[in-house]
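Single-letter residue listing:
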Amino acid sequence: MSTNGLDSWAVDLKDVGAIYPFQGSEVLMVIIAVALWIVWHIVQLKNENKEIEYEKQHNHRKENIEHGVDRY
Amino acid sequence: MDGNLNALTTVFTEFYYWVTVVFMFLIHVGFCMYEVGASRRRNHLHTLMKNTMLIPLVTITFFFFGWWIYWAFPNGPFIYEGLGINWDAGEANLPWSETMSTNLGDRITGVFWAAFLLFSWTAASIVSGAVIERIRSGAFWIHAVLIGSVFWIIDAAWGWHYDGWMVKLLGYHDAYASGVIHAIAGGYALGVLVVLGPRLGKFAADGTPRDIPPHNVWMVTIGLFMIYTGFWGFYAACNVPIISPELIGGQITGEVWTATNIYLAPTTLGAITFNFLMSLSGGLLMAYVVSKGDAFWTYSGGLAGVITASAGNDLYHPIQAMIVGGIGTWCVYKLHFIVERKFKIDDAVGAVAVHGYAGFIGLVICGFLLWGAPASPFEGYATISPWGQLAGAIIMFGVLGFLPAFIVSKIMAAMGMLRVPEEVELLGLDFSTEEAYENAIADVQAAEKSMA
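A brief report on the enclosed structure follows.

Cut-off values and rules
- Residues numbered from 1 in each chain as written.
- Chains lettered and ligands numbered in written order.
- Predicted model: local features only at pLDDT ≥ 70, side-chain atom pairs only at ≥ 80, totals over all residues.
- Heavy atoms only, no water.
- Helix = DSSP H or I, 4+ residues; strand = E, 2+ residues; numbered from the N terminus.
- Rg over C-alpha atoms; globule rule 2.2 N^0.38 Å.
- Buried < 20%, exposed > 50% of the residue type's maximum accessible area, 1.4 Å probe, protein only.
- Areas by Shrake-Rupley, 256 points an atom, 1.4 Å probe, with all protein chains shown as cover.
- Lys, Arg positive; Asp, Glu negative; His and termini not counted.
- Charge placed at Lys NZ, Arg CZ, Asp CG, Glu CD.
- Contact = heavy atoms within 4.5 Å.
- Buried area = accessible area lost by both parts, 1.4 Å probe.
- Salt bridge = Lys/Arg side-chain N within 4 Å of Asp/Glu carboxyl O.

Counting its regular elements, chain A contains two helices and zero strands. Taken against the 2.2 N^0.38 rule, which gives 11 Å for 72 residues, the C-alpha radius of gyration of chain A at 26 Å runs more than 25% over that of a compact globule. Viewed in the frame of its principal axes, chain A has a C-alpha envelope of about 75 × 25 × 15 Å. Burial analysis of chain A (72 residues in total) assigns 24% to the buried set. Carbon and sulfur atoms make up 63% of the accessible area of chain A, which totals about 5,300 Å². Separation between the mean location of the 7 positive side-chain charges and that of the 11 negative ones in chain A comes to 10 Å.

Opposite the 32 residues of chain A that make contact, chain B presents 39 residues. Of the roughly 3,200 Å² buried between chain A and chain B on both sides combined, carbon and sulfur atoms contribute 66%. Per-residue buried area on chain A facing chain B is highest for Trp37, Arg71 and Tyr72 of chain A; these three make up 23% of the total on that side. Summed over the shared surface of chain A and chain B, the number is one salt bridge.

Now for the environment of glycine 249 of chain B. All names here are of chain B. Mapping glycine 249 onto the fold places it in the loop between helix H10 (245-248) and strand S2 (258-260). Judged by its relative accessible area of 52%, glycine 249 is exposed. Distance in space between the C-alpha atoms of glycine 249 and leucine 264 is 9.5 Å, their sequence separation being 15 residues.

Written out as structure tokens, the structure is:
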């Protein structure tokens, strides 16, 4: 027995469909993937907020701005 | 796959779409180069990552729900024949379906899905260029998912599907996506820009617009050349490469196999090759003259020419394609500056004009040039008309493009998550990253010198 239901390739290919492992768990995989996607946005937004706060509070100096503007 | 001819056709079609995907990848490379070239040095990394990260975000969401929308929504929801959701067609394209996977019984779904997905990236990438140097990445990526995996694919289901209600009722014809990609993305970009506002310094105190030149014109031009190259894949992906009348199942008689557009109406790869190049040429020639040789606008004009003619490039004569491309490009150039001056819209790369206005105008012109021609090989469909095309253009640019972008941007702005603060915009969006980079260099140099 294998994770994808195939033990050998001694088969007629017209009888073969899906060949990925753990068939039957597709809905669970989708739920996990969607959750990961939403968590990614939440983490990213928090990180971005922190970065912006850092730049606002610690680096707002005239010479830094002029340096950035002069580089064009 | 029973029978050698059937097997060969299936494998050819599989490979055909796969090649279009590889070509279309170049569109994204081009957009990245173009945007980074147009941005200023203190915003490079932010600009690059903003566009790059839309790739995974749109890809996974297009897998989760975008592809299902295309197959389930041609008549809805609540537009044509009751609820209008085709559950049966949608079922095979749900993310947990066996056909959306490694499956020896289905060789087409993956490559067909990917071809549409690359269109999704393009739609989101068009918006990306317009909003550079002041939008928050997190806000943009939510917009990218909305345009790339929701709104454009709804419009594709409605107007770029052989069974779409716009094709049936309006005779909507948009063979190479003037509206379904370009008008909607341009409209969406405009909806974001209205709320986002211009970059600091874009307008003088009296409202006069200032030019903010690209920091690297070469990157911009090479990026646009890349987009031209990728556009070949885009055009090819809009066709079904070969299909029999029997398989189409419409009104076509006889046994001659043919290439078709997305509506399964016949065309040829030769026709679209002629028309792509002639409309590109019409756009370049017009843009060079009207912009007085400005490189940025000449290259953009080439794109605008193709985009304007795209709606009807399956049927136009090459000279018609050239003239349509030229007319569209003239309108695009003039409109960009009128809108900039009058409404204070800072579209950093001219995306609203090159994609949005060109797409809109192209749809309307197509309605006149192909007036009365069949929009579909199936019985009972409306024929192509100016009013059907105008209604389609309004739906694409306004209803599915501008409106949702404006509403979502308003919500984001109210939550304070749309735009970076003024002091950070002045400082440069890459400040933290560059500071860490310079500190790391100083650190390692000091360490190495101490060993000398």
